[in-house]
Amino acid sequence: MTYDAITPFRRRVDAVQIRRHATLMQPSSGGSVDKWAILRDLVAGRETFGVSDRDLTVLQALVSFHPRNDLGDPERLIVYPSNSTICDRLNGMPCSTMRRHLARLVEVGLILRNDSPNGKRYIRRSALGEQRFGLDLSPLLRRADEIRAAAQRARDTAAAMADLRSDISLMRRDVISLLDLVESQGGALPSDDPQRSLVNLAGRILRRKPCAQDLWTLHNELTTVLKGTSKNCPARVAAV
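Per-chain numbering applies: the sequence of each chain, read as written, is numbered from 1 onward. Selection of residues for local features in this predicted model requires a pLDDT of at least 70, selection of side-chain atom pairs for listing and counting requires 80 or more, and totals for whole chains, interfaces and linings are taken over all residues. Only hydrogens and water are removed before side-chain values are computed, so all heavy atoms of the structure are retained for them.

### Observations concerning the overall build of the chain
Thinking step 1. Tallying secondary structure elements over the chain gives eleven helices and six strands in all.
Thinking step 2. Classification of residues uses two cut-offs on accessible area relative to the type maximum, computed with a 1.4 Å probe and protein chains only: under 20% is buried, over 50% is exposed, and between them is partly exposed. Every one of the 240 residues in the chain was classed for burial, and the buried ones make up 37%.
Thinking step 3. The Shrake-Rupley method, run with a 1.4 Å probe sphere, supplies the accessible areas, and residue values consider only the shown protein chains as cover. Accessible surface, the chain: about 14100 Å² in total, of which carbon and sulfur atoms supply 50%. A helix here means a DSSP run of H or I that spans at least four residues, while a strand means a run of E at least two residues long, and both kinds are numbered starting from the N terminus.

### A look at the confidence of the model for the chain
Thinking step 1. When pLDDT is averaged along the chain, the result is 81; 74% of the residues meet or exceed 70.
Thinking step 2. Looking across the chain, the model is least confident in helix α11 (residues 235–238), with a mean pLDDT of 45, and most confident in helix α4 (residues 53–64), with 97.
Thinking step 3. Confidence of the predictor in every single residue is expressed as pLDDT, which spans 0 to 100. Whether two residues are in contact is decided by their heavy atoms, any of which lying within 4.5 Å being enough. In this model residues 229–240 is a low-confidence stretch, pLDDT under 50, and it forms 20 contacts with partners more than four residues away in sequence or in other chains.

### Quick look at the pattern of salt bridges
Thinking step 1. The term salt bridge refers to a side-chain nitrogen of Lys or Arg lying within 4 Å of a carboxyl oxygen of Asp or Glu. Summed over the entire model, instances satisfying the criterion amount to four salt bridges.
Thinking step 2. Across the salt bridge formed by D41 and R155, the nearest N and O atoms sit 3.0 Å from each other. Of this pair, D41 sits in helix α2 (residues 35–44) while R155 sits in helix α8 (residues 144–184), placing them 114 residues apart in sequence.
Thinking step 3. Under the relative-accessibility criterion, D41 is labelled buried at 13%.

### Let's talk about the environment of V63
Thinking step 1. Secondary-structure assignment places V63 in helix α4.
Thinking step 2. The spatial distance from the C-alpha of V63 to the C-alpha of D136 is 9.9 Å, given a sequence separation of 73 residues.
Thinking step 3. Excluding its chain neighbours within four sequence positions, the residues that come into contact with V63 are K35, W36, L39, L137 and L140.

### Overview of the state of the cysteines
Thinking step 1. What counts as a disulfide here is a pair of cysteine sulfur atoms lying within 2.5 Å. Enumeration over the complete set of coordinates arrives at zero disulfides.
Thinking step 2. For the unlinked cysteine C95, the closest cysteine sulfur is that of C87, found at 4.4 Å.
Thinking step 3. With a relative accessible area of 28%, C95 lands in the partly exposed category.

### A look at helix α10 (residues 212–227)
Thinking step 1. What a helix should span is 1.5 Å times the count of its residues minus one. Spanning 16 residues, α10 covers 22 Å between terminal C-alpha atoms, matching the ideal 22 Å at 1.5 Å per step.
Thinking step 2. Considered for burial, the residues of α10 that qualify are L215, L218, H219, L222, V225 and L226. All buried residues of α10 fall inside an arc of 125 degrees around its axis, so they share one side. For α10, the exposed residues set more than 90 degrees away from the buried face come down to Q213 and K227. Directions drawn from the helix axis to the C-beta atoms are what define this arc.

### Looking at the packing of aromatic side chains
The geometry of two aromatic rings is summed up by the distance between their centres and the angle between their planes.
Thinking step 1. Classification of ring pairs uses Phe, Tyr and Trp, with its six-membered ring standing for Trp, and accepts pairs whose centres are within 6.5 Å; under 30 degrees between planes counts as stacked, over 60 as edge-to-face, and the remaining range as tilted. Tallied over the entire structure, the rule returns zero aromatic pairs.
Thinking step 2. Geometry around F65 places R89 over its ring, the cationic atom sitting 3.9 Å from the centre. In our convention, an over-ring charge means Lys NZ or Arg CZ found within 6 Å of a ring centre and within 35 degrees of that ring's normal.

Following this line, the structure appears as structure tokens:
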């Protein structure tokens, strides 16, 4: 017999976990994925799945126990290293820490537990075939399209943010140059000049990791200054 248990060994389950398990055990659409490519996509789109870089470090270690580069047949995607072996591959990560990240990977549905009757991980072979007990990597195959889509969205967002930061940096440079030009021509700028305050604010924001909304707000304010339409924009720069 090759019965696959639904519940884990000595761990509580709830209705949500049962439904997630049933969803993740749906038949695969076929094909295979490169395990390292899908991991790179998962790193890019990790915010969508609510996992940290440390969670993914543990997942990378688990994936490394799969002998092939491709994740193909879902029936053969169960790896069965012991906790101590996993921690060794994680350069001595404490077992309690590793288990915490492992639980998170199960919680978000990136791996499944296929526990044996005694909770140990191993492979059993007989005349009827083989049965594996351990950590099931098949969700990476079954959710490959979802992972790729999340990665593409994240990369598109990152590219758009990089372009926006670049535009703001150039606009800030233009405002500074215009203010310097005014001063070089004998124009008097008050110490609390709103344009100078704006470029100083822009510099501080660009040194941090602002959200898209903050960047767009700054972009719009700089645009207003450069077009000379802001109430705080003196006529001396309005001709830009």
